[in-house]
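Read off the chains here:
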Amino acid sequence: MNFGLSEEQEMIVETVRAFVETEIYPHENEVERSGIVPPELGDEIRRKCIDLGFYACNFPEEVGGAGLDHVTFTLVERELGRGSLGLTVFFGRPSGILMACKGEQRERYLLPAVRGEKIDALAITEPDAGSDMRGMKCAARRDGGDFVLNGTKHFISHADVADFVIVFAATGEEETPKGIKKKITAFLVDRGTPGFEILKGYDSVSHRGYHNSTLSFDDCRIPEAQVLGEVHRGFDIANQWLYGTRLTVAATCVGRARRVFDMTLPYAAERKQFGKPIGANQGVSFKLADMITEIDAADWLTLAAAWQVDAGRPADRQIASAKLYASEMLARVTDEAIQIFGGMGLMDDLPLARFWRDARVERIWDGTSEIQRHIISRDLLRPLGA
């Protein structure tokens with residue numbers, strides 16, 4: 001078993017980390033204060049990422065991407081996790097399911113997204129359909145050569161800066177062993193399409209500057225040519241997308257936890273109370289031992305899951321385990337870091353309170369911890385007939 005990185009991977013890690021430290025860190029406090037990323041700043045980050053050759057690095061070379069394997073791309077996401085999500089979103093990683101584009105869709109959506117000319121967003125979640133995707137009420141009915149879309153989506157990340165949205169909507173029903181379920185279809189919907197409105201979402205305690213939006217569809221007419229993939233097969237496409245994004249969540253949690261630890265370790269060594277460094281006390285040193293053990297465990301679990309994907313092996317359980325453990329690890333690490341810093345850990349002078357707040361959403365989006373446990377336990381029990 002070789003746990004080392006190749007020379008190329010080491011270079012990529014160093015390059016992305018340097019980018020985050022020089023191009024992202026200096027703007028974080030202002031974004032945290034204002035909750036806004038100025039458009040010109042977002043454009044500048046995107047341009048510099050393109051110049052660096054990393055834009056759409058998750059896409060294959062034949063469409064203009066860097067063609068990184070899953071392990072290397074996971075390393076990129078880990079380093080990006082050190083920075084504010086409101087800013088690193090412009091270090092473009094378009095949705096992988098755009099590879100399902102065909103014909104004219106490739107020129108209109110896929111290739112501009114890969115070149116950094118257009119930004120996409122994904123719209124699945126609804127007020128009454130979160131983990132239960134098949135329970136969505138947003139529906140599209142066929143009308144001649146078009147589909148007419150009606151309904152609402154919410155919690156749609158970065159739709160406020162997107163040029164088009166990949167919308168999942170119910171287009172029928174089917175009988176399954178678990179009863180009647182919705183058939184789902186994915187649509188490519190341009191900003192400005194009549195009947196489609198992007199509204200301000202909710203104010204969140206997590207990831208300020210990285211906004212969620214509410215999408216409203218009122219008799220929004222979509223040509224059949226803008227169906228992504230096949231009609232009624234959107235559920236399959238969505239699962240394929242979640243496959244990758246859960247790895248991303250795990251990786252970014254590891255990156256953020258390492259940044260927190262990198263702040264906490266020297267503080268514990270330098271801060272003195274009762275005439276000695278607080279790190280000399282087992283009450284603090286044991287916390288540090290637990291923190292780094294959990295961070296390393298989450299790191300290797302995440303990279304191992306990415307390796308499974310690259311090896312062409314089934315990886316649902318491994319990815320779910322990585323997402324579950326890394327997201328819950330980040331919550332524990334940020335909480336312990338604040339405990340070590342004491343009252344200063346909660347002050348705006350340090351970013352720890354931001355990391356602590358940001359950590360909370362990681363156990364919810366891209367599949368809650370409960371959904372991940374369901375995937376893991378189902379994988380274990382199904383072969384036994386349970």
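Just above, that's the structure.
Notes on the structure follow. No experiment lies behind these values; they were computed from the predicted model shown.

Parameters at a glance
- Residues numbered from 1 in each chain as written.
- Predicted model: local features only at pLDDT ≥ 70, side-chain atom pairs only at ≥ 80, totals over all residues.
- Heavy atoms only, no water.
- Helix = DSSP H or I, 4+ residues; strand = E, 2+ residues; numbered from the N terminus.
- Buried < 20%, exposed > 50% of the residue type's maximum accessible area, 1.4 Å probe, protein only.
- Contact = heavy atoms within 4.5 Å.
- Areas by Shrake-Rupley, 256 points an atom, 1.4 Å probe, with all protein chains shown as cover.
- Lys, Arg positive; Asp, Glu negative; His and termini not counted.
- Charge placed at Lys NZ, Arg CZ, Asp CG, Glu CD.
- Core = buried A, V, L, I, M, F, W, Y, C linked by side-chain atoms within 4.5 Å.
- Expected span 1.5 Å × (residues − 1).
- Phe/Tyr/Trp six-rings, centres within 6.5 Å; stacked < 30°, edge-to-face > 60°.
- Lys NZ or Arg CZ within 6 Å of the ring centre and 35° of its normal.
- Axes fitted to C-alpha atoms, helices over the stretch in contact; angles between N-to-C directions.
- Parallel < 35°, antiparallel > 145°, perpendicular 65-115°, else oblique.
- Left-handed = near helix turned anticlockwise from the far one by under 90°.
- Nonpolar A, V, L, I, M, F, W, Y, C, P; charged D, E, K, R; others polar.

### Here's the deal with the overall build of the protein
Alright, step 1. The helix and strand inventory of the protein stands at ten helices and ten strands.
Alright, step 2. Relative to its 386 residues, the protein shows a buried fraction of 50%.
Alright, step 3. For the protein, long-range pairs separated by at least 24 residues make up 74% of all intrachain contacts whose partners lie at least 6 apart in sequence.
Alright, step 4. For the protein, the exposed area adds up to about 18300 Å²; of that, 53% sits on carbon and sulfur atoms.
Alright, step 5. Between the averaged position of the 46 positive side-chain charges in the protein and that of its 58 negative side-chain charges there is a distance of 4 Å.

### Remarks on the nonpolar core
Alright, step 1. In this structure, V76, L98, I166 and F168 are the most contacted members of the largest nonpolar core, which totals 49 residues.
Alright, step 2. Where this core is concerned, the elements lending two or more residues are α1 (7–34), α2 (39–52), α3 (70–80), α5 (104–115), β4 (164–176), β5 (179–190) and α6 (234–270).
Alright, step 3. Listed in part, the 36 residues of the second largest apolar core include F261, I278, L352 and F355.

### Notes on α2
Alright, step 1. For α2, which comprises 14 residues, the first-to-last C-alpha distance of 20 Å matches the rise-based estimate of 20 Å (1.5 Å per residue) to within 8%.
Alright, step 2. Where the residues of α2 are buried, they touch α1 and α4 (85–88).
Alright, step 3. Once α2 finishes, G53 follows within two positions and takes phi at roughly 85°, a positive value.

### Remarks on the packing of aromatic side chains
Alright, step 1. Under the criterion given, the structure shown has nine aromatic pairs.
Alright, step 2. On the numbers, 5.2 Å between centres and 75° between planes, the contact of F3 with W300 is edge-to-face. Remark: W300 occurs in helix α7 (residues 282–310) and F3 occurs in the segment before α1; sequence separation between them is 297 residues.
Alright, step 3. The exposure class assigned to W300 is partly exposed, which follows from its relative accessible area of 42%.
Alright, step 4. Three or more aromatic residues joined by ring pairs form one cluster here, namely F19, F54 and F91.
Alright, step 5. Across the ring face of Y109, the terminal group of K118 is positioned such that the distance to the ring centre comes to 5.5 Å.

### Observations regarding the packing of α3 against α6
Alright, step 1. Remark: α3 packs on α6, axes separated minimally by 7 Å, with the N-to-C direction vectors making an angle of 45°. Judged on the interaxial angle alone, α6 and α3 are oblique. With respect to the hand of their crossing, α3 and α6 are arranged in right-handed fashion. Every residue of α6 that contacts α3 at F73, T74, E77 and R78 is listed here: L247, T248, A251, T252, V254 and G255.
Alright, step 2. Of the residues in the contact of α3 with α6, the class split is four nonpolar, four polar and two charged.

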